[in-house]
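Report on the structure
The lines below spell out each chain.
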Amino acid sequence: MGFFAQFLASLAAILVLAWVSHWMELGRGIRIRDAAHAQALADEVVCGFAAEETVIDETGKAALLRDRNGRIVLIKLHGAQFSGRLLGPGSGALLRNDGGRPKLEINPGERLFGTQIIDIERPEDWVHWINAAKAPHHYA
Amino acid sequence: MPDFSPIDFAVPFFVALVLIEMIWARRRRPESYEPRDTLTSLAFGLGSSVAGLLTGGAVLAMSLWLYQFRLFDFGDEWWSVWWAWPLCFVLDDLGYYVFHRFAHRVRWFWASHVNHHSSQHYNLSTALRQSWTGFFALSFIFRIPLTLLGFHPAMILFVGAFNLIYQFWIHTEAIGRMPRWFEAVMNTPSHHRVHHATNPLYLDRNYAGTFIVWDRMFGTFQAETDSERIRYGIVRQLGTFNLLWSVFHEWVGIAQDMWRAPWRHKLSYLLREPGWTHDGSRETSDMIRARWLQSRGAAAVSEAEKPVPNDNPIAGQEKPA
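Here the structure is a predicted model, which means the values were calculated and not measured.

Rules behind the numbers
Residues numbered from 1 in each chain as written. Chains lettered and ligands numbered in written order. Predicted model: local features only at pLDDT ≥ 70, side-chain atom pairs only at ≥ 80, totals over all residues. Pairing = 2+ DSSP bridges. Helix = DSSP H or I, 4+ residues; strand = E, 2+ residues; numbered from the N terminus. Axes fitted to C-alpha atoms, helices over the stretch in contact; angles between N-to-C directions. Parallel < 35°, antiparallel > 145°, perpendicular 65-115°, else oblique. Left-handed = near helix turned anticlockwise from the far one by under 90°. Contact = placed C-beta atoms within 7 Å. Nonpolar A, V, L, I, M, F, W, Y, C, P; charged D, E, K, R; others polar. pLDDT = per-residue confidence, 0-100. Domains from an automatic or database assignment. Expected span 1.5 Å × (residues − 1). Bend = angle between axes of the 7 residues up to and from the residue.

Residue and element names in this part refer to chain A. Strand order in this open sheet of 4 strands is β1-β2-β3-β4, and the pairing throughout is antiparallel. Two strands in the sheet have a free side with no partner beyond their single neighbour: β1 (51-56) and β4 (81-86). The mean inter-strand angle of the sheet, taken between neighbouring strand axes irrespective of direction, is 20°. As paired elements, β1 and strand β2 (residues 62-67) share 5 bridges and run antiparallel to each other. Paired with A51 across the strands is D67, a residue of β2.

Orientation of helix α1 (residues 3-23) of chain A relative to helix α2 (residues 35-67) of chain B, taken along the N-to-C sense of each, is 165°, at an axis distance of 8 Å. Compared by their axis directions, α1(A) and α2(B) come out roughly antiparallel. As for the relative orientation of α1(A) and α2(B), their crossing is right-handed in sense. Two secondary-structure elements touch here, α1(A) through F3(A), S10(A), L11(A), I14(A), L17(A), A18(A), S21(A) and H22(A) and α2(B) through P35(B), T38(B), L39(B), L42(B), A43(B), L46(B) and L53(B). Looking at side-chain class alone, the contact of α1(A) with α2(B) contains 11 nonpolar, 4 polar and no charged residues.

For the rest of this paragraph, the subject is the confidence of the model for chain B. Residues and elements named next belong to chain B. A residue-level look at chain B finds 91% of positions with pLDDT of 70 or above and a mean pLDDT of 91. Ignoring residues within four places in sequence, the model shows residues 306-321, a span with pLDDT below 50, making 5 contacts including any to other chains. For this predicted complex, the interface confidence score (ipTM) comes to 0.87, while the overall pTM stands at 0.89.

Quick look at the domain arrangement of chain A now. The domain architecture assigned to chain A consists of domain 1 (1-30) and domain 2 (35-132). Taken over C-alpha atoms, the centre of domain 1 of chain A sits 34 Å from the centre of domain 2 of chain A.

This part covers α2(B). In this model α2(B) runs 45 Å from its N-terminal to its C-terminal C-alpha over 33 residues, within 8% of the 48 Å that 1.5 Å per residue would give. A maximum bend of about 45° is found in α2(B) at T55(B).

In structure tokens:
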């Protein structure tokens, strides 16, 4: 089989496999269950992170956690797993009005990580805290 | 000399096994697959094959040139020396261990190898998540010693392909543990799950390709423990399925760090371990593990210092142990 035919066959196989996993509804329905779950996820982002305050988005797809030093971790659903960032100097937050209800819009300062819109109680408090957060990035 | 590529023949089996694992996932663990992740991993595999095809000729030509300087000579009919094949396989696997350890401990090599680790899922499609930049990262240099020893480059490529095929099936959560004797000698799904984990206990462990004995010999072995739920991926998860960013993010990171760093530190961002910084603003795997062990120690001490509950009538009469 020539290279081009082999390439096309591989590409077709890839698309079929991705479609099958979609058709089987794999990786769906994953949510942040509760504050303890969110805490465990934050600990994965920053080893030893101890949240004093935790809020979980209404849909369970995102969470914000704040420790006693004012550091804030953002957790988001990523595929069937979760991904998070310690918000730092490049991050920002603002309130946006979605159907009369204020929601929190968070820019983690990383275009490909994506802006997160979170539906929580008292979003204005978090706007203040996030914009005040000046934690250095902390990753390996 | 057999004139075929083992990997080409293995690909249909790879596809069939991925399908079988998906059926298992649907019944037992639906979160172990995700369509976009699968698509990204398989696109990595396809791109890697193309990159291999574009650069393979150059590697082979260089290897054939080096072959003239070999220490030992198996003769013109080198392929008929039967014992050279298993010997070459074992030594190639040792070379793979060395390469793999460098790939995790030197950021230059990590920038290429990180592609294989950047999925947060662990399934057979992850096995096909191969680097596009292996040639650029000069990963082939780890096979040069075998050529200089006297193994023909074609033989090295052949056994290397079988090594890669072996490593396919160990990328799964569908298999728990293999028989004890097998776990003692061979790399297995259990050992390799540890390798792909980001848990501090597991970071930078189990570099083996086929034989786990190398890790046991060189002190990098860590057994999978039932108490530790494994988290897969990289310490700082990508958080995106963007294919190009997934391929090149660490190279971009190196370039940015070198650009910003003071002159005397620039090279360290290339050659030191991933996570190293001159100002300590990030953490290496050793630092993460040390801090985790420290926090565990503190937790154990605070647990031991807790007073024995007063409502325990027996303990109430004695001091805590």
